Amino acid sequence: MNQDRRDRLRDAAIAVLAQEGGRGLTHRAVDAAAAVPTGTAKNYFPTRDALLRAAAERCAEQYRALAQALSGAGPAPAGAAQLAALLAGLLRDVAGPGRTRVLAYLGLQAEAARRPWLAALLDPVAAADFAAHAHLLRAAGLPAGPARARTLTLALHGAVPHLLTGAPDTLAAAGLDDLDRFARELLAAVCEEETR
């Protein structure tokens, strides 16, 4: 099979998921989004589950490419200020250029609640964030125990739906109307010395 066309169809599946949600993911919708003849997606991905698998695998590839680009983008953050800037940039990507990918991923997560095989495909993507954030905390010279890495990761993941919907009152209430300040305050809260 033609790999370029296969990738085009997988990218189209991601676009359909982002725009229409899981219920809108059909072979016809993917054909239309990819601007290919009707039936092309079904030839490559014969079932809806095959379409979901293709979109999940493509999301995972895009995530790995983004993570690799970030890790190779220069030296690790030196200190809290540089790490906060990196985290704010990641959040900006969610609301900007990465919006389609993230919306599709969230749609796939909803589908995975009913499809264990899909959850298994997506799990490495989400699980990798915990180790990545622990590494970033250590690289920045900040406390990086498992609890801190979990708190940072879950706070960032929790911010994602709010950034995607962009509701101004919610963004303001969550502190997401200023991503630089949000990242600084989050790091300060995560890395605050434990008191007993």
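Just above sits the structure.
The following refers to the structure shown. Worth saying up front: this structure is predicted, and the values here are computed from it rather than measured.

Some words on the overall build of the protein
Argument step 1. Helix and strand counts for the protein stand at 10 helices and 0 strands.
Argument step 2. The dimensions of the protein, computed from C-alpha atoms along their principal axes, are 60 × 35 × 30 Å.
Argument step 3. Within the protein, the fraction of its 196 residues that count as buried is 40%.
Argument step 4. Long-range contacts, defined here as pairs at least 24 residues apart, represent 65% of the contacts in the protein between residues at least 6 apart.
Argument step 5. Summed over its atoms, the accessible surface of the protein is roughly 10500 Å², and 55% of this surface lies on carbon and sulfur atoms.
Argument step 6. Taking the 22 positively charged and 20 negatively charged side chains of the protein as two groups, their mean positions are separated by 6 Å.

Notes on the side chain of aspartate 93
Argument step 1. Following the sequence through the fold, aspartate 93 ends up in helix H5 (residues 80-95).
Argument step 2. Look past the residues within four positions of aspartate 93 in its chain and what remains in contact with it is Leu66, Gly98, Arg99 and Arg101.

Regarding the packing of aromatic side chains
Argument step 1. Summed over the entire model, instances satisfying the criterion amount to 1 aromatic pair.
Argument step 2. Look at tyrosine 44 and phenylalanine 45: their rings are 6.3 Å apart centre to centre, the planes differ by 45 degrees, and that puts the pair in the tilted class. For the residue pair tyrosine 44 and phenylalanine 45, the accessibility class agrees, reading buried in each case.

A closer look at helix H7 (residues 116-139)
Argument step 1. The end-to-end C-alpha distance of H7, which contains 24 residues, comes to 35 Å, matching closely the 34 Å that a straight helix rising 1.5 Å per residue would cover.
Argument step 2. If you look at H7, its biggest bend is around 35 degrees, right at leucine 122, and the proline proline 124 turns up within four residues after that.
Argument step 3. Positive phi appears at glycine 141, one or two residues downstream of H7, with a value of about 75 degrees.

Some details on the packing of H5 against helix H8 (residues 146-165)
Argument step 1. As a packed pair, H5 and H8 sit with axes 9 Å apart at the nearest point and diverge in direction by 35 degrees. Crossing hand, H5 versus H8: right-handed. In contact with Leu87, Leu91, Val94 and Ala95 of H5, H8 contributes Leu152, Leu156, Ala159, Val160, Leu163 and Leu164.
Argument step 2. Residues of the contact of H5 with H8, tallied by class, amount to 10 nonpolar, no polar and no charged.

Section: the packing of H5 against helix H6 (residues 99-112)
Argument step 1. In contact at an axis separation of 6 Å, H5 and H6 are set at 80 degrees when each is read in the N-to-C sense. Comparing the axis directions of H5 and H6 gives the class roughly perpendicular. Two secondary-structure elements touch here, H5 through Asp93, Val94 and Ala95 and H6 through Arg99, Arg101 and Val102.
Argument step 2. For the contact of H5 with H6, a count of residues per class yields 3 nonpolar, no polar and 3 charged.

Some remarks on the environment of valine 102
Argument step 1. Its location among the elements puts valine 102 in helix H6.
Argument step 2. Judged by relative accessible area, valine 102 falls into the buried class, the value being 12%.
Argument step 3. In the structure, valine 102 is positioned 62 residues away from leucine 164 in sequence and 8.5 Å away in space, judged by C-alpha atoms.
Argument step 4. Beyond its immediate chain neighbours, meaning those up to four positions away, valine 102 contacts Val94, Val160 and Leu164.

A short note on the pattern of salt bridges
Argument step 1. Summed over the entire model, instances satisfying the criterion amount to 13 salt bridges.
Argument step 2. Of the charged contacts in the structure, one is a salt bridge between aspartate 93 and arginine 101, with a shortest N-O distance of 3.0 Å. There is no split in this pair, since aspartate 93 and arginine 101 are both buried.
Argument step 3. Residues arginine 181 and glutamate 185 are paired through a salt bridge, measuring 3.8 Å at the closest nitrogen-oxygen approach. Of the two residues, arginine 181 and glutamate 185 are both situated in helix H10 (residues 179-191); the distance of 4 residues between them amounts to about one turn of the helix.
Argument step 4. Through salt bridges with shared partners, a single ionic network connects Asp7, Arg10, Asp11, Arg58 and Glu61.

So, the side chain of aspartate 31
Argument step 1. Looking at where aspartate 31 falls in the secondary structure, it is placed in helix H2 (residues 27-34).
Argument step 2. At 6.8 Å, arginine 28 is the nearest oppositely charged side chain to aspartate 31, a buried residue that forms no salt bridge.
Argument step 3. Within the structure, aspartate 31 has its side chain in polar contact with the backbone nitrogen of glycine 39 (distance 2.7 Å).
Argument step 4. Ignoring anything within four residues of it in the chain, the contact list for aspartate 31 reads Leu9, Val36, Pro37, Thr38, Gly39, Thr40 and Ala41.

Rules used in this analysis
Residues numbered from 1 in each chain as written. Predicted model: local features only at pLDDT ≥ 70, side-chain atom pairs only at ≥ 80, totals over all residues. Heavy atoms only, no water. Helix = DSSP H or I, 4+ residues; strand = E, 2+ residues; numbered from the N terminus. Buried < 20%, exposed > 50% of the residue type's maximum accessible area, 1.4 Å probe, protein only. Contact = heavy atoms within 4.5 Å. Areas by Shrake-Rupley, 256 points an atom, 1.4 Å probe, with all protein chains shown as cover. Lys, Arg positive; Asp, Glu negative; His and termini not counted. Charge placed at Lys NZ, Arg CZ, Asp CG, Glu CD. Phe/Tyr/Trp six-rings, centres within 6.5 Å; stacked < 30°, edge-to-face > 60°. Expected span 1.5 Å × (residues − 1). Bend = angle between axes of the 7 residues up to and from the residue. Axes fitted to C-alpha atoms, helices over the stretch in contact; angles between N-to-C directions. Left-handed = near helix turned anticlockwise from the far one by under 90°. Nonpolar A, V, L, I, M, F, W, Y, C, P; charged D, E, K, R; others polar. Parallel < 35°, antiparallel > 145°, perpendicular 65-115°, else oblique. Salt bridge = Lys/Arg side-chain N within 4 Å of Asp/Glu carboxyl O. Polar contact = N/O pair within 3.5 Å; in protein donor to acceptor, adjacent residues only side chain to side chain.

Structural measurements only, silent on function.
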